[in-house]
Amino acid sequence: MEKSRDREIQIISHFDTDGISSAVIMISALKKLDSKFSLKIVKSLDENFINKLSKNKLTLFLDLASGSIEHIKKNNFSDVFIIDHHEISAEDIPENIDIVNPMMHDKQKISSSGLTYLFCREISEENKKYAKLAILGMIGDNLEKEISKMNHEILEDSEIIKKRGILIYPSTRPLNRVLEYSSNPYIPDVTGNIQGVLEMLRESGLAPKNGKYKSIIELSDDETEKITTSILLRNPKIKSKDLIGDLFLLKMFNQLEDARDLSAVVNACSRSGNSEIALKFLMEVSSSKKLAESTHIKYRQKLISGLKFVEEAEKISGKNFVIINAKENIPDTMAGTIASILSNSPNYSEGTVIVTMAYYENRIKVSARNAGKCGRNVRELLARIIQITDGEVGGHEHAAGCIISQEKENEFIDLLKKNLEVEVVKV
Ligand code: C5P
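It should be emphasised that the depicted structure is a prediction, and the values quoted were computed from it without experimental measurement. (Residues numbered from 1 in each chain as written. Predicted model: local features only at pLDDT ≥ 70, side-chain atom pairs only at ≥ 80, totals over all residues. Heavy atoms only, no water.)

### Quick word on the packing of aromatic side chains
For the coordinates displayed, the defined rule picks out one aromatic pair. With a centroid separation of 5.6 Å and 40 degrees between ring planes, the pair formed by Phe-253 and Phe-281 is classed as tilted. Of the two residues, Phe-253 sits in the loop between β7 (244-252) and β8 (255-258) while Phe-281 sits in helix α12 (residues 275-282), which places them 28 residues apart along the sequence. The buried category is assigned to Phe-253, whose relative accessible area is 18%. Relative accessible area serves as the criterion here: at 3%, Phe-281 is assigned to the buried category. The ring centre of Tyr-360 lies 4.0 Å from the NZ or CZ of Lys-43, which sits over that ring. (Phe/Tyr/Trp six-rings, centres within 6.5 Å; stacked < 30°, edge-to-face > 60°. Helix = DSSP H or I, 4+ residues; strand = E, 2+ residues; numbered from the N terminus. Buried < 20%, exposed > 50% of the residue type's maximum accessible area, 1.4 Å probe, protein only. Lys NZ or Arg CZ within 6 Å of the ring centre and 35° of its normal.)

Structural data, given as structure tokens:
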């Protein structure tokens, strides 16, 4: 904080739920200190963007930049701070770059918003009220299955309610609507079929009270069990451990909301090109609420058509991989989400590498995931190819992305296939 005295801070944060949560925590803390700052929310960092940043200001990257150290090094920034949890690309870090990243130490699983929160809590105890945003970032990055020591501490600081229940969101809204729109999990004869929904609810012994069905969080243990059984009977591929788990409930705009749903709203706004709405939504600016929710509805419809396209598209498949080159048929901002949905679908066996590609300007956005979050390190895989084709790469072991130029499309696919066809032999 010493270095920031009397200097403008330029903050650059990522556009997903974790990045937006990190940004809101940081700017709220800085506002209290009367610090001068500017904020840019980006979908990815590239060399060109980094080159254009002011070099004299104090530069703070949130939820990104660990994969771009080499580009940062090439520019003479006076001071750079990075709060991030992605894998680090460089071996030696120069003195003008300070990094907070657990990948350099114990590799504890924590979101960038969690790290940003812990940093801001050190500045002032008053910032404890942003603990809920750190948990939201954790949910956004799917880190809630194994809650690490640091996340546990943040959870205790927050007023978030953790409750076992059916993992379909929003768990706070009447079941009939929630089941009708459930795409993850997909429930045959129920998803998109209101008659099927009512039949399943009847079969589970649930009736509306004063015309209204209970929400997931209002169900008794017995009702939860009956509904779970009905869902599993309709889709035996769903594992009960994926259907029952912890729900995280927090107050936003003075109303109890499901963190997974809030994260979906934030992501939808950002991925539709409206990260400003996402930001205001998490800052609880009341004028943003309706806009954020309607953007979410529109985005969901677009996502469904994107998924449909991908389902029917021609795929390049091998023993343990599938490559879907959607070209201009899906927005680049949806490539990662679609790859994640596919990696959770029962259609792919554990360890399968799923790669989606989508055009973006004269470039291609590539996203890679492992089904079942196990198998080969996809970040390393993309990084190896990028060394030949050029581009920007970053991410984690089981969820990574890169951007390449469209001219390299065929070369990239060929290299990807060659690398994926080589079996990884464990010694
Ligand atoms: O973009 P996508 O969703 O496929 O990215 C997967 C993960 O990799 C995300 O956590 C994203 O922030 C990270 N990533 C990155 N640098 C890139 C591309 C992706 O850090 N150039």
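### Details of the site of the ligand
Taken together, 14 residues lie around the ligand, and His-86, Lys-365, Ser-367, Arg-369 and Gly-395 are the ones closest in. A distance of 2.9 Å is found between an oxygen atom of the ligand and a side-chain nitrogen or oxygen belonging to Lys-365. Ser-367 places a side-chain nitrogen or oxygen 2.5 Å from an oxygen atom of the ligand. Here the ligand, which alone exposes 450 Å², has 83% of that area covered by the protein. Listing elements by their share of the shell around the ligand, those giving two or more residues are β12 (363-370), β13 (392-395) and β14 (399-405). For the shell around the ligand, the element with the most residues is β13, which contributes four residues. For the shell around the ligand, a count of residues per class yields three nonpolar, eight polar and three charged. (Near = heavy atom within 4 Å. Polar contact = N/O pair within 3.5 Å; in protein donor to acceptor, adjacent residues only side chain to side chain. Areas by Shrake-Rupley, 256 points an atom, 1.4 Å probe, with all protein chains shown as cover. Nonpolar A, V, L, I, M, F, W, Y, C, P; charged D, E, K, R; others polar.)

### Some thoughts on a positive patch on the surface
Taken together, the side chains of Lys-107, Lys-109, Lys-145 and Lys-373 define a basic patch exposed on the protein surface. Accessibility expressed as a relative area gives 47% for Lys-107, which makes it partly exposed. (Patch = residues over 30% accessible without salt bridge, like charges linked within 9 Å, V, L, I, M, F, W, Y side chains within 5 Å. Salt bridge = Lys/Arg side-chain N within 4 Å of Asp/Glu carboxyl O. Lys, Arg positive; Asp, Glu negative; His and termini not counted. Charge placed at Lys NZ, Arg CZ, Asp CG, Glu CD.)

### Quick word on the pattern of salt bridges
The full count for this structure, using the stated rule, is 26 salt bridges. Residue Glu-293 pairs with Lys-289 through a salt bridge whose shortest N-O separation is 3.4 Å. Linking Glu-293 with Lys-289, this pair stays in helix α13 (residues 286-312), spanning four residues, or about one helical turn.

### Description of unusual backbone geometry
The omega torsion of the bond from Tyr-169 to Pro-170 falls at -5 degrees, within 30 degrees of zero and hence cis. With phi around 50 degrees, Lys-373 is a residue other than glycine that occupies positive phi space. Note on placement: Lys-373 falls in the loop between β12 and α15 (378-389). Judged by its relative accessible area of 53%, Lys-373 is exposed. Even without being a glycine, Asp-390 presents a positive backbone phi close to 80 degrees.

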